[in-house]
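These are the residues of each chain, in order.
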Number of protein chains: 2
Amino acid sequence: MDMYMVDMAVPNEGWSDESKLWFNKLNELTKSGEWKKMKSFVHGKYSKALFTRSVSVGHPGKFFEYAFFCNKEESMLRGVCQFGSRTEGPPSHAHGGAVASIIDAASGVLCHYVSRVPRVTANMNINYRRPTPLCETILTEAHVDKTEGRKSFISCKLTSPDGKTIYAEGTVLFIQIDVSNIPQLNQE
Amino acid sequence: MDMYMVDMAVPNEGWSDESKLWFNKLNELTKSGEWKKMKSFVHGKYSKALFTRSVSVGHPGKFFEYAFFCNKEESMLRGVCQFGSRTEGPPSHAHGGAVASIIDAASGVLCHYVSRVPRVTANMNINYRRPTPLCETILTEAHVDKTEGRKSFISCKLTSPDGKTIYAEGTVLFIQIDVSNIPQLNQE
């Protein structure tokens, strides 16, 4: 099988034991049927090389590792992620752009899962509360706060596993796009 | 020489001819002495693997290519960048997190060049005006809008070479950090 078609939202040798533990905890939620594990590929239905996955190909644990779970009824996402050693900004902590990438990815996955129409990021406003440590288990949570016509307002935060430390929290506005403006979408 | 100690802010085979042209145009500015080309390494003084550079090692033109030039007198940055084929979000366009990464990188370089003390990203607010095309020449411009004690307020935008299309524009707040909180900084 083409490696680009393998679901990357599963633990690999780059995941810490704690991250694997959290993956299993979150995966347990899917048994009730209310939560769904979101599969994630390098090549999506639309994208040829989705940035947050493409960057990690061949480098397990060095860049982004993450798995997201969604609950449609509650318009909510929960996930586990790790920022690898090559996502550094401040010493031993994740680059602001790397943190933004995961917040955009989580918010986008939730937005698309709930709305089921192509939407793109129109605004992203992130408060970096504490430096996000490298190679540690980080939990992600996102909610759809509001949907108004073509706009979806999502809030998203990254926390320590015990929930006591908020590393970053932000709001992301997605806007439904006119697919006729993007030939690749239009052709499908 | 260790490849990680080579200045990466110079054209390589992944740069388009237009990007090389803009690099040369901006480099011309340095002749007057008012502008300085900022060198950029994978391993910085503080970071072991700066995300926006580390991601591109071994993949010229596939992720981030960029070079920044600063004018201290005017507290201003100008630069040229390219989002490679593996930074995709929307089809044929850069991921919101990739755009945020370059905005954070440009703003951070300018902030550090002007203030000369360690500052970290505290808030980043980006408006995505138009999808940012992959593999095209994008210009970056950033300004220090205000400095208040430990805070620096930077604005940054990405435009087409003719300046007519603004792809994204944002504000980034940096806050000076207490180095004693970060052992790696304290040891140096």
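On a predicted model such as this, the values are computed, not experimentally measured, just so you know.

1. What about the relation of the copies chain B and chain A?
For the pair chain B and chain A, the relating rotation is 180°, the translation along its axis is 0.0 Å, and the fit reaches an RMSD of 0.0 Å. As the rotation angle and translation indicate, the two copies are arranged about a two-fold axis. Residue B:Asn125 of chain B places its C-alpha closer to the rotation axis than any other residue of that unit, at 2.1 Å. Most of the interface of chain B is mirrored in chain A, where 100% of its interface residues again form contacts.

2. A word on the pairing of strand 7 (residues 166-176) of chain B
All names here are of chain B. By the bridge criterion, nine bridges tie strand 4 (residues 119-128) to strand 7 in an arrangement that is antiparallel. Bridging from a neighbouring strand, asparagine 125 pairs with threonine 171 of strand 7. With nine bridges joining them, strand 6 (residues 151-159) and strand 7 adopt antiparallel strand pairing. Following the sheet pairing, phenylalanine 153 is matched in strand 7 by leucine 173. Hairpin connection between strand 6 and strand 7: a loop of six residues separates the two successive antiparallel strands, and glycine 163 in this loop has a positive phi of roughly 80°.

3. So, helix 1 (residues 17-28) of chain B
Residue and element names in this part refer to chain B. Compared with the 16 Å implied by 1.5 Å per residue over twelve residues, the 17 Å span of helix 1 between its first and last C-alpha is a close match. Residues Ser19, Trp22, Phe23 and Leu26 constitute the buried set of helix 1. Down the axis of helix 1, the smallest arc covering the buried residues is 105°, so these residues share one side. Turning to helix 1, the residues buried within the fold contact strand 1 (36-37), strand 2 (64-71), strand 3 (76-83) and strand 5 (138-148).

4. Things to note about the pairing of strand 6 of chain B
Residue and element names in this part refer to chain B. Bridging between strand 5 and strand 6 involves nine bridges; their strand directions are antiparallel. Pairing of leucine 139 across the sheet is with threonine 159, part of strand 6. Remark: two residues form the turn of the hairpin made by strand 5 and strand 6, two consecutive strands paired antiparallel; glycine 149 in that turn has positive phi of roughly 55°.

5. A short note on the pattern of salt bridges
Residue and element names in this part refer to chain A. As enumerated under the stated definition, the model contains ten salt bridges over all chains in all. Two residues, glutamate 28 and lysine 31, come together in a salt bridge whose shortest N-O distance is 3.2 Å. Residue class for lysine 31 comes out exposed when judged on its relative accessible area of 65%. Here glutamate 169 and arginine 129 are joined by a salt bridge, their closest N and O atoms 2.8 Å apart.

6. Let's talk about the UniProt feature "domain: Thioesterase" (unreviewed entry) in chain A
The UniProt record marks residues 93-165 of chain A with the feature "domain: Thioesterase" (unreviewed entry), using the residue numbering of this structure. As a span, residues 93-165 of chain A carries 27% helix and 41% strand, and end to end its C-alpha atoms are 15 Å apart.

7. Points about the interface of chain B and chain A
In this complex, chain B contributes 41 residues to the contact, which on the side of chain A involves 41 residues. Carbon and sulfur atoms make up 55% of the surface buried where chain B meets chain A, a total of about 3200 Å² over both sides. In terms of surface lost to chain A, no three residues of chain B exceed B:Phe51, B:Arg86 and B:Pro91, which account for 20% of the buried area on that side. Taken together, the connections running from chain B to chain A amount to two salt bridges. Taking the shortest distance from any N to any O, the salt bridge between A:Glu88 and B:Lys48 comes out at 3.7 Å. Linking chain B to chain A there are 24 residue pairs in polar contact (both at pLDDT 80 or more). For the side of chain B that touches chain A, the secondary-structure elements that each account for two or more residues are helix 2 (51-54), helix 3 (96-115), strand 4 and helix 4 (183-186) of chain B. Top contributing element to the side of chain B that touches chain A by residue count: strand 4 of chain B, with nine residues. Examined bridge by bridge, strand 4 (residues 119-128) of chain A and strand 4 of chain B share five bridges and lie antiparallel to one another.

Thresholds applied
- Residues numbered from 1 in each chain as written.
- Chains lettered and ligands numbered in written order.
- Predicted model: local features only at pLDDT ≥ 70, side-chain atom pairs only at ≥ 80, totals over all residues.
- Heavy atoms only, no water.
- Least-squares fit on C-alpha atoms with pLDDT ≥ 70 in both.
- Contact = heavy atoms within 4.5 Å.
- Pairing = 2+ DSSP bridges.
- Helix = DSSP H or I, 4+ residues; strand = E, 2+ residues; numbered from the N terminus.
- Expected span 1.5 Å × (residues − 1).
- Buried < 20%, exposed > 50% of the residue type's maximum accessible area, 1.4 Å probe, protein only.
- Arc of directions from axis to C-beta.
- Salt bridge = Lys/Arg side-chain N within 4 Å of Asp/Glu carboxyl O.
- UniProt positions renumbered as here; feature names shortened; annotations may be inferred.
- Buried area = accessible area lost by both parts, 1.4 Å probe.
- Polar contact = N/O pair within 3.5 Å; in protein donor to acceptor, adjacent residues only side chain to side chain.

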